[in-house]
Amino acid sequence: MPQADDRQRLLFGVMLAVAVWGAMLALGAFLFGLDQTTGQVAFAPNIIRGGIVLAFVGFFVGGWAILLRGRRGRRD
């Protein structure tokens, strides 16, 4: 059944792309923030900002993977 393998590979690629996008977004949130004095974006590393973004992306992709695994288990 090559069609199922292609769909599974495509879905894995999409999930990987979302995870990479989220990691890059978390890196940007970690490295840059709003400067209160000027109102401009400035280099201001903050692990909490980056951690929050990374945690939400991880929760989303992880939940998605768990739901897909459950769906695959029911189908077999």
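Residues numbered from 1 in each chain as written. Predicted model: local features only at pLDDT ≥ 70, side-chain atom pairs only at ≥ 80, totals over all residues. Heavy atoms only, no water.

Concerning the pattern of salt bridges
Thinking step 1. Scanning all chains against the criterion turns up one salt bridge.
Thinking step 2. Its salt-bridge partner being Asp 6, residue Arg 9 comes within 2.7 Å of it at the nearest N-O pair. With Arg 9 and Asp 6 both in helix H1 (residues 2–31), this residue pair falls three residues apart, about one helical turn.
Thinking step 3. Using a relative accessible area of 45% as the deciding quantity, one classes Asp 6 as partly exposed. (Salt bridge = Lys/Arg side-chain N within 4 Å of Asp/Glu carboxyl O. Helix = DSSP H or I, 4+ residues; strand = E, 2+ residues; numbered from the N terminus. Buried < 20%, exposed > 50% of the residue type's maximum accessible area, 1.4 Å probe, protein only.)

Remarks on the environment of Gln 36
Thinking step 1. With respect to the helices, strands and loops of the structure, Gln 36 is situated in the loop between strand E1 (32–34) and strand E2 (41–43).
Thinking step 2. The exposure class of Gln 36 is exposed, given its relative accessible area of 69%.

Side note on the packing of aromatic side chains
Thinking step 1. The full count for this structure, using the stated rule, is two aromatic pairs.
Thinking step 2. On the numbers, 6.0 Å between centres and 75 degrees between planes, the contact of Phe 32 with Phe 43 is edge-to-face. In this pair, Phe 32 sits in strand E1 while Phe 43 sits in strand E2, placing the two residues eleven residues apart along the sequence.
Thinking step 3. The class of Phe 43 is exposed, set by a relative accessible area of 57%.
Thinking step 4. Between Phe 60 and Trp 64, the ring centres sit 5.8 Å apart and the planes meet at 50 degrees, which makes this aromatic pair tilted. Taken together, the positions of Phe 60 and Trp 64, both in helix H2 (residues 47–75) and four residues apart, correspond to about one turn of that helix.
Thinking step 5. For Phe 60, a relative accessible area of 49% corresponds to the partly exposed category. (Phe/Tyr/Trp six-rings, centres within 6.5 Å; stacked < 30°, edge-to-face > 60°.)

Observations regarding the environment of Leu 25
Thinking step 1. Relative to the helices and strands, Leu 25 resides in helix H1.
Thinking step 2. What makes Leu 25 partly exposed here is its relative accessible area of 41%.

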